[in-house]
Every structure is written in structure tokens, then in C-alpha cells.
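Geometric and topological summary
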Amino acid sequence: MLKFDVLIIGSGLAGMTLALHLAERRKVGLITKRDLLEGSSSYAQGGIAAVLDTDDSVQEHIQDTLIAGAGICNEETTRYIVEHSKEAIDWLIALGVPFTKDETHETGYHLTREGGHSHRRIIHAADATGAAVTTTLGQKIKAHPNITLLEDYIAIDLITSAKLGLEGQRVYGAYALAKQADEVVTIAAQHTILASGGAGKVYLYTTNPDTATGDGIAMGWRAGCRVGNMEFIQFHPTCLYHPHSKSFLISEAVRGEGGILRLPDGTRFMPKHDPRAELAPRDVVARAIDFEMKKHGLDCVHLDISYKPASFIKEHFPNIYAHCLELGIDITQQPIPVVPAAHYTCGGLVTDLKGRTDVEGLYAVGEVACTGLHGANRLASNSLLECMVIGKAAAEHILAATGISLPDIPDWDDSQVTDPDEEVVISHNWDELRRAMWDYVGIVRTNKRLERALNRINLLSVEINEYYSHFHVSNDLIELRNLVQTAELIVRSALLRKESRGLHYSRDYPNTLAEGQETVLTPN
Ligand SMILES: Cc1cc2nc3c(=O)[nH]c(=O)nc-3n(C[C@H](O)[C@H](O)[C@H](O)COP(=O)(O)OP(=O)(O)OC[C@H]3O[C@@H](n4cnc5c(N)ncnc54)[C@H](O)[C@@H]3O)c2cc1C
């Protein structure tokens, strides 16, 4: 058995922020199911929204967030996070993150603009901000004597008081599969943090890396936490459409810097869908592209920035330029073929401003959580900010807490299970689930489609749970069990919403109700 003061599950920006803030005074175990840098955080391109410029204001950033969130953001959360934005960026700069400089600007840094923001307020490291941040923080994590980093460890389930036959509702750590040794390890901790990211892989097409399988949402739900706003899945309007490129995002900043969306014949179409044209919020752009693709029977549309000087494009989008060029697309000369894809999970485990869930000893930070910041639609570049601000608040709360003595925790019992007989069950069900979600729970929804999806999910769920109770766990089985659980939560939440709001668009209920409510599901 392994024992830590704090167990952190996930090594994206949320997990790294927590580990670094806690490690000065606590022994931290940081487990991650692939390597340290693999997670959505490392793929973030655009940047981090923060109020840094004297022309900008906290109030305006809050206002932009509330408008994007379509009436159901939690205003207190929004204010708290925006008010702490400068402090979060100062922390990253002090740690050495190489943000793109602009000596002519009062801050010394280049600030870019993204859809839904009324100001240039996105600090970035060219077009590979996430990688710059996680690489810098990752080096500190690896060098810290109080952080034990366990790569290739996938958490299976939380160790709860209910599992131990104890009173109350508390978490005491987690069981995890050490993938290389192929054995299940017990990890005991006074505090456990889910920093396991979102659930984009529940859909067939996604910008998310393979790690985004909703593990934390499903584990937290099984442990007794409420989930909120799960129907709000953000579809990024512009994922590169190319047979040899998996999940490559064409950043919002390309539209921010003047990129124009066109049909393959060159016709610009955004102005007829929204007066903000290419700078409209993501959901509006994604729905417009979906509409045009369905209307004209297209496989993709085009995003054109080629009219800008080649030097400008190469300087601002070196990563996108290089990636496209490798595939034979020179974005300084020709438009980029793009399609929408599942991008961000706005909902998650309900938490307060300190990252606390409903279950004692359990915190959730980052994309796995629902703090109320994003409401019905996330404003671009607010999510990395949330990871850092709530991560620091959670760390402070944990540092101020009094210690508990851990109960006896039994080892994982796999005496009743055998080796899997037919692994095809996993791969088949995985494909079926993701396709059903794409076809029936996508950008435009109807009651009939949602019910169809739920029927299939229920069947898959029975089959997967039966498989889980008979066979040894594997990485794919753990992920599939969590994906099907998360899919169910998305569909059940979508069925409860009798209106269209933010990212949830239903043909059966095209109007928005006068008063917006969060959707909250409570486990039995
Ligand atoms: C392509 C792309 C571009 C983006 N661009 C931006 C942007 O410009 N600005 C912005 O603010 N946001 C952006 N986002 C969103 C943002 O990157 C994410 O919301 C944010 O990084 C989430 O951080 P996180 O720490 O919560 O999760 P992640 O960074 O996804 O990290 C999750 C971690 O948990 C681990 N994990 C998951 N399950 C388990 C388990 N069972 N056991 C052990 N470990 C587990 C994963 O391996 C990973 O290490 C982008 C997202 C994508 C995909």
C-alpha cells in the first residue's frame, strides 16, 4: 500500500497547480494514466484569459463570461476567478513560462483576442500555450522532493467510507492499476483530488487527447457526488479535417486574427448567421458550420487566413502552420479544411470555490468539476484560468485542514475474476458508444434522438458492468466503464432541459426560458 498526505489523480494544469502549491508542506502522490505531460492542458493552443491591461477591467471580463454562459453562470464564482486572474498569470511568469512578448505593450506581453471577449486579454506562448505551461511546471514537479510522480497509473475507483463499511461519506484515497506491472495498488490519502480532465472521448470526433474519458466524473458520481450541467458540451467549430490528422485543433485565435470561414466555392457564410460573424461565440459558429455542412452535404468547410502576410501567419501560428504544412496544406497560400468536434465538458462534479465536492476529503479541480464558471457555455480561454485559481484555493483549504487518522484499507480483491475471454467486446462497445453519442447527442438534439441514445447506453452499460464484474481490469475496460457512465449523465441531463440554451440546442424546444436553471443530478 502507498500512503500520501494528498493524492492527486491527473497531471494536467489542475493537478500540477495543486501539486506545486501543496508540496512545500505536504507529501503529495501525483498519479497519471499516461505520461506526465499527456492531457488536454498540453494541447491548449490559444492561451489564458486574464485582466492584465489597464484598458480592460474585471467587470468586463466577468460580463463577457456571463454573456457566453447564457444566463446560468454562478456570478460569485465568476467574480472570484476573474479577480484572481492576474495573480495566476504572475505565478506562471515567476515559474518561467515563456509567454510571447510584445515590448510595445504596457504589460510587456502580446495579448490576443478570441471570440466572445470584448478585449484583447489572452496571454499566450505563440500557438502552443499549454505545452509551454505544462513543460515548465512539469520540470518543477519532477524536481520536487515532496512529490511522488507515478506515471502509467490509472485510478479505478475511490476508496469510500461506504466501501469500508464505515459511517458517513468520506474518501480515503483510490485503487489504481499500475499499468506496467499490471497490478492494482491501494493508495491511501487524507485528501484526494480528482484533476482528471473532461470527457471529449465520449464522442466520435473530438479535439481531446485519448486521456479525456470522464474517469473523474464517473468515479466521483459513484462515490456519491452530484454532477451539474452535463448537457453542455462545447463543440469546437474548427478541428482540422484531414484523414491523417487525429484531433488537431485550429485555434480560435486564427479567427481572432482575421480568419474567414468560407464554403468550398469561396462564399463567406458567417455574417448571415450572426452579426459578429467569425467572432461569434463558439456554439454559434459550430451550429452555423453544422447547418452549412448539412445543407450543402459537405465533409468540411474552409477557414482562410491566407490573405494575411505569410510572415504574420508564421509568427502567430507557427505550430498550426508547421502541422498543416506537413500534411501538404500551406496556410499562407490556401484555406484550411475544418469541421466541428467535441472540445470541452462544461459540466462535471459540483464543487464550491475551494474545489470541495459533496463527499468529505474529496476535491475536484479543472475540467472534471462544475464550479459554475462556464454556465451553459465556456468563454474561450477561461478554463486554464479556472484550473489555476481553484487549484490554488483548494490547496490552501487542504493546508489549513486538520489531519485525520486513516482507517484500515483492504487490498483490491480480484479473487473472483478471471482473464478476459473476448476483448473485442470492449473495442466494439467503445465504438458503438462514441458513434451513438455523435449521431444522437451532438450539436443539434431532439427528444427522439436523446431517447434513442439513452436506450443504447442502458444496454451497453449492463454489458460493460457485467464484463467488469467478471474479468481483470485493464486500462481500456476502466475507461469504457467511465465513458458509458459519463454518457448516461450527459443524456439524462440533456433530457431534463426543456429549452435551448447555450451549448444545448434542441429542435423540440428551440426557445430559451425566461429564467435559467442549472441541471443537477444526485446519485441514489
Ligand atoms: C486542443 C485543445 C485546445 C485547448 N485550448 C485551450 C486554450 O487555449 N485555453 C484554455 O483555457 N483552454 C483550452 N482548452 C481546454 C483546456 O486545455 C482544458 O480544459 C484544461 O487543460 C483541463 O485541464 P485539467 O488539468 O482539468 O485536465 P487535463 O489537462 O486533461 O489533465 C487530466 C489529467 O488526468 C489524467 N487522468 C485522467 N483520468 C485518469 C485516471 N483514471 N487515473 C489517472 N490519471 C487520469 C490524464 O492522464 C491527465 O494527466 C483546450 C483543450 C483542447 C483539447
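Residues numbered from 1 in each chain as written. Predicted model: local features only at pLDDT ≥ 70, side-chain atom pairs only at ≥ 80, totals over all residues. Heavy atoms only, no water.

Concerning a negative patch on the surface
Negative charge collects at one region of the surface, where Asp182, Glu183, Asp419, Glu423 and Asp476 lie side by side. Within the secondary structure, aspartate 182 is located in the loop between strand 8 (171-178) and strand 9 (183-194). Take aspartate 182: its relative accessible area is 56%, and that puts it in the exposed class. (Patch = residues over 30% accessible without salt bridge, like charges linked within 9 Å, V, L, I, M, F, W, Y side chains within 5 Å. Areas by Shrake-Rupley, 256 points an atom, 1.4 Å probe, with all protein chains shown as cover. Salt bridge = Lys/Arg side-chain N within 4 Å of Asp/Glu carboxyl O. Lys, Arg positive; Asp, Glu negative; His and termini not counted. Charge placed at Lys NZ, Arg CZ, Asp CG, Glu CD. Helix = DSSP H or I, 4+ residues; strand = E, 2+ residues; numbered from the N terminus. Buried < 20%, exposed > 50% of the residue type's maximum accessible area, 1.4 Å probe, protein only.)

A word on the side chain of histidine 504
For histidine 504, the position within the fold is in the loop between helix 17 (475-496) and strand 18 (520-521). Judged by relative accessible area, which is 1%, histidine 504 ranks as buried.

Things to note about the UniProt feature "active site" (unreviewed entry) in the protein
According to UniProt, the "active site" (unreviewed entry) feature falls on Arg282. Note on placement: arginine 282 falls in helix 11 (residues 282-296). Here arginine 282 falls in the buried class, since its relative accessible area comes to 7%. Ignoring sequence-local partners within four residues, the contact set of arginine 282 consists of Gln234, Phe235, His236, Pro237, Glu252, Arg255, His343, Arg378 and Ala380. (UniProt positions renumbered as here; feature names shortened; annotations may be inferred. Contact = heavy atoms within 4.5 Å.)

Observations concerning the pairing of strand 9
Side chains on a regular strand alternate between the two faces of the sheet. Among the 12 residues of strand 9, 10 are classified as buried, and the element is accordingly described as predominantly covered. One ladder, built from seven bridges, connects strand 1 (residues 2-9) with strand 9; its direction is parallel. From the neighbouring strand, phenylalanine 4 faces strand 9, where its bridge partner is alanine 189. Examined bridge by bridge, strand 8 and strand 9 share six bridges and lie antiparallel to one another. When the bridges of strand 9 are listed, leucine 177 appears paired with valine 184. (Pairing = 2+ DSSP bridges.)

Details of the site of the ligand
Taken together, 40 residues sit near the ligand, with Ser41, Gly47, Asp215, Glu367 and Ser383 positioned nearest. Lysine 33 is positioned with one of its backbone polar atoms (N or O) 3.2 Å from a nitrogen atom of the ligand. The contact in question runs from an oxygen atom of the ligand to an N or O atom on the side chain of glutamate 367, over 2.7 Å. The protein chains hide 99% of the 1,000 Å² of surface that the ligand would expose on its own. When contributions to the shell around the ligand are tallied by element, the ones reaching two or more residues are helix 1 (13-22), strand 2 (28-32), helix 2 (40-43), strand 7 (153-160), helix 8 (215-222), strand 14 (336-345) and helix 14 (383-400). Of the residues contributing to the shell around the ligand, the split by class is 15 nonpolar, 20 polar and five charged. (Near = heavy atom within 4 Å. Polar contact = N/O pair within 3.5 Å; in protein donor to acceptor, adjacent residues only side chain to side chain. Nonpolar A, V, L, I, M, F, W, Y, C, P; charged D, E, K, R; others polar.)

A short note on the pattern of salt bridges
As enumerated under the stated definition, the model contains 27 salt bridges in all. Two residues, arginine 226 and aspartate 358, come together in a salt bridge whose shortest N-O distance is 2.8 Å. Taken together, the residues arginine 226 in the loop between helix 8 and strand 10 (227-228) and aspartate 358 in the loop between strand 15 (348-350) and strand 16 (362-364) connect sequence positions 132 residues apart. A residue is classified by how much of its surface remains accessible, and arginine 226, at 30% relative accessible area, is partly exposed. Taking relative accessible area as the criterion, aspartate 358 reaches 30% and is therefore assigned partly exposed. Between glutamate 252 and arginine 282 there is a salt bridge whose closest N-O contact spans 2.4 Å.

Quick notes on the sheet that holds strand 14
In spatial order, the strands read 11-14-13-12; together these four strands make up an open sheet with antiparallel pairing. Each end of this open sheet is capped by a strand with a single partner; those strands are strand 11 (233-240) and strand 12 (260-262). Shown here is a sheet whose adjacent strand axes are inclined to one another by a mean of 45°, direction ignored. Of the pairings in the sheet, the one linking strand 11 to strand 14 comprises six bridges and is antiparallel in character. Bridging across to strand 14, cysteine 239 finds its partner in valine 339. (Axes fitted to C-alpha atoms, helices over the stretch in contact; angles between N-to-C directions.)

As for the packing of helix 8 against helix 17
The N-to-C vectors of helix 8 and helix 17 enclose an angle of 75°; their axes lie 8 Å apart at closest approach. Compared by their axis directions, helix 8 and helix 17 come out roughly perpendicular. Residues Asp215, Ile217, Ala218, Trp221 and Arg222 of helix 8 lie in contact with helix 17, whose contacting residues are Glu479, Arg481, Asn482, Gln485, Thr486, Leu489 and Arg492. Looking at side-chain class alone, the contact of helix 8 with helix 17 contains four nonpolar, three polar and five charged residues. (Parallel < 35°, antiparallel > 145°, perpendicular 65-115°, else oblique.)

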